[in-house]
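Structural overview
Residues per chain are reported as follows:
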Amino acid sequence: METRIESVTTGLESSIATAAAILLQGGVVAFPTETVYGLGGIITSDIALQTIFAVKGRPSDNPLIIHCHSVEQAKQYVTRVSSEWIKLANKYWPGPLTMVTTKASHVSSTASSGLSTIGIRVPQHPIALALLKSVGVPIAAPSANTSGHPSPTTAQHVWDDLHGKIPLILDAGSCAIGIESTVIDLSVFPPIVLRPGHITKYQVEQTISQGVRTTEGNHSIPKAPGMKYRHYAPYAHVHLVTTVEEATLLLTTLTGKTCLVSDNVEFTSSVPRYELSPASLYASFRDADKKGYSDIIVLPSPDLQEHDGLMNRIRKASAG
Ligand code: TXA
Ligand code: MG
């Protein structure tokens, strides 16, 4: 299969129409969101959903996130909306927040991997919203990468992983946020942040006037099905260090081709450097792989070490 990349900035209406037509026939397309690029298929087509799992090489027990164009549309796919759900939807949708709650019985179990719950979000990216409105039914969309690779934040990243496997990639440049949405499970009490992201635990707590739990360091809470898999990882070995001293020491022990990903201005070395930020983390991992680095040292500044979403992705990339 030939994979076409279409720039939506030059032919907005026709690109959306082409993508919508493919989706409505049960095909899959990659499209931009404000977090990362997604690989979409309509949730009313089991063929489309199965194609998503097959194209990504995704384990079938890892449920997909459903994307809707509005709060009103999202309501049709869950059984009951709690006051927390309403508060968070009104405050953060459209935006990078996925809420897990009990699914309506008509939602395909392929999308939810057989679970009784479903994760839904209304994305903020204008192209994602235009596509959702044009199609009229929700679009299931995991990140458009091969399972286990870093999520794609440009159309080129999608092409690198999935060319020959999907017909179309809508290209709208780099994703502004760069890490995947915050996932909060509202089907349990108190709610649990299953995946940290741009919207913080604190913001969620402020919005619903209630404490929420996190899975980090808490082994009694089951993780999101997807979180048990090694994720976000480049081929190179990722070493997370938190101080200049650690980075200096590590550099003396590494013998392979090594680069640095850091925003810490106090660390100086002759090693090639990528600037660290949530928006550019995955792009730096992918570029380091293309350039053949065997080792990547990641040194976040004290400020970035406070960013739960970013630190979660770096830790996952450095594990195993
Ligand atoms: O930012 C994002 O969320 C991107 C863009 C494309 O919207 N999508 C994305 O999807 O990151 P994916 O499939 O790569 O990650 C979905 C995560 C997985 O960790 C999955 O296990 C979890 O959400 N998840 C989905 N449905 C769930 C459910 N019913 N219960 C618990 N976790 C769920
Ligand atoms: Mg993913």
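Residues numbered from 1 in each chain as written. Chains lettered and ligands numbered in written order. Predicted model: local features only at pLDDT ≥ 70, side-chain atom pairs only at ≥ 80, totals over all residues. Heavy atoms only, no water.

Structural notes on the overall build of the chain
Inclusion rule: Helix and strand definitions follow DSSP, with helices as H or I runs of at least four residues and strands as E runs of at least two, each counted in order from the N terminus. With the radius of gyration taken over C-alpha atoms, the globule rule is written as 2.2 Å times the number of residues to the power 0.38. To sort residues, take the accessible area from a 1.4 Å probe on protein chains only and compare it with the maximum for the residue type: under 20% means buried, over 50% means exposed, and anything in between is partly exposed.
Counting secondary structure elements, the chain contains ten helices and 15 strands. Taken over C-alpha atoms, the radius of gyration comes to 19 Å for the chain, in line with the 20 Å a tight globule of 320 residues would show. Structurally, the chain occupies a C-alpha span of about 60 × 50 × 30 Å along its principal axes. The buried share of the chain, taken over its 320 residues, is 57%.

Things to note about the environment of Val 135
Under the convention used in this document: Throughout, a contact is declared for two residues whenever any of their heavy atoms are within 4.5 Å.
The topology assignment puts Val 135 in helix H5 (residues 126-135). Classification of Val 135 by relative accessible area gives buried; the value is 8%. Between the C-alpha atom of Val 135 and that of Ala 17, which follows or precedes it by 118 residues, the distance is 8.8 Å. With residues up to four places along the chain from it excluded, the contact list for Val 135 reads Ala 20, Leu 23, Leu 24 and Ile 42.

Some points on the packing of helix H1 (residues 12-24) against H5
Keep this limit in mind: Here an angle of 0 to 180 degrees is reported between the N-to-C directions of two axes, which are lines fitted to C-alpha atoms, with helices fitted over the stretch in contact. In this scheme, roughly parallel covers angles under 35 degrees and roughly antiparallel covers those over 145, while 65 to 115 is roughly perpendicular and the rest are oblique. In this scheme, a crossing is called left-handed if the near helix is turned counterclockwise away from the far one by less than a right angle; it is called right-handed if the turn is clockwise. Nonpolar residues are Ala, Val, Leu, Ile, Met, Phe, Trp, Tyr, Cys and Pro. Charged residues are Asp, Glu, Lys and Arg, and all others, Gly as well, are polar.
The contact between H1 and H5 brings their axes to 9 Å, and the two run at 50°. It follows that H1 is oblique to H5 by the angle criterion. Once H1 is placed against H5, the crossing between them reads as right-handed. Seen from H1, the contacting residues are Leu 12, Ile 16, Ala 19, Ala 20, Leu 23 and Leu 24; seen from H5, they are Ile 127, Ala 130, Leu 131, Ser 134 and Val 135. Here the contact of H1 with H5 is composed, by residue class, of ten nonpolar, one polar and no charged.

Concerning the nonpolar core
Filter applied, for reference: Take the buried Ala, Val, Leu, Ile, Met, Phe, Trp, Tyr and Cys residues and link them wherever side-chain atoms come within 4.5 Å; each set so joined is a nonpolar core.
In terms of nonpolar packing, the biggest core is built from 45 residues, with Trp 93, Met 99, Ile 120 and Ile 166 touching the most fellow members. Looking at this core, the elements with two or more residues in it are helix H2 (46-56), helix H3 (71-75), helix H4 (83-92), strand E5 (97-102), strand E6 (117-121), helix H6 (155-162) and helix H7 (201-208). Look past the residues within four positions of Ile 166 in its chain and what remains in contact with it is Met 1, Glu 2, Thr 3, Val 28, Ala 30, Leu 39, Val 55 and Val 158.

Examining the pairing of strand E15 (residues 295-299)
For the record, the criterion: Note on pairing: two strands pair once DSSP finds at least 2 bridges between them.
Counted residue by residue, E15 has five buried out of five residues, so it is predominantly covered. The two faces of E15 match: Asp 295, Ile 297 and Leu 299 on one face and Ile 296 and Val 298 on the other face are all buried. Relative to E15, strand E12 (residues 237-240) runs parallel, the two being bridged by four bridges. Paired with Leu 240 across the strands is Val 298, a residue of E15. In this sheet, E15 lies alongside strand E13 (residues 258-262) in parallel orientation, the contact comprising five bridges. Its bridge partner being in E15, Thr 258 is matched across the sheet by Asp 295.

As for unusual backbone geometry
With omega at -5°, the peptide bond leading from Trp 93 into Pro 94 counts as cis. Within the secondary structure, Pro 94 is located in the loop between H4 and E5. Look at the link from Phe 189 to Pro 190: it is a cis peptide, with omega at -10°. Within the fold, Pro 190 resides in the loop between strand E9 (182-185) and strand E10 (192-195). Within the chain, Ser 209 stands out as a residue other than glycine whose phi angle is a positive 50°. Topologically, Ser 209 is positioned in the loop between H7 and strand E11 (213-214).

Some details on the packing of H6 against helix H9 (residues 281-290)
Between H6 and H9, the least distance of the axes is 11 Å, while the angle of their chain directions is 50°. One way to sum up the angle between H6 and H9 is to call them oblique. When you trace H6 past H9, the crossing you get is left-handed. On H9, the residues touching Gln 156, His 157, Asp 160 and Asp 161 of H6 are Ala 283, Arg 286 and Lys 290. Its residues assigned to classes, the contact of H6 with H9 shows one nonpolar, two polar and four charged.

Focus on the environment of Ile 127
Examined against the element boundaries, Ile 127 turns out to sit in helix H5. Residue Ile 127 is classed as buried on the basis of its relative accessible area, which comes to 8%. Between the alpha carbons of Ile 127 and Ile 66 there is a distance of 16 Å; along the sequence they are 61 residues apart. In contact with Ile 127, other than residues within four places in its own chain, are Val 8, Leu 12, Ile 16, Pro 32, Leu 170 and Ala 172.

Points about the pattern of salt bridges
Filter applied, for reference: When a carboxyl oxygen of Asp or Glu is within 4 Å of a side-chain nitrogen of Lys or Arg, the pair counts as a salt bridge.
This structure, assessed with the given rule, holds eight salt bridges. Here Asp 160 makes a salt bridge to Lys 290, at a shortest N to O gap of 3.1 Å. Of this pair, Asp 160 sits in helix H6 while Lys 290 sits in helix H9; the two residues are 130 residues apart in sequence, bridging distant segments of the chain.

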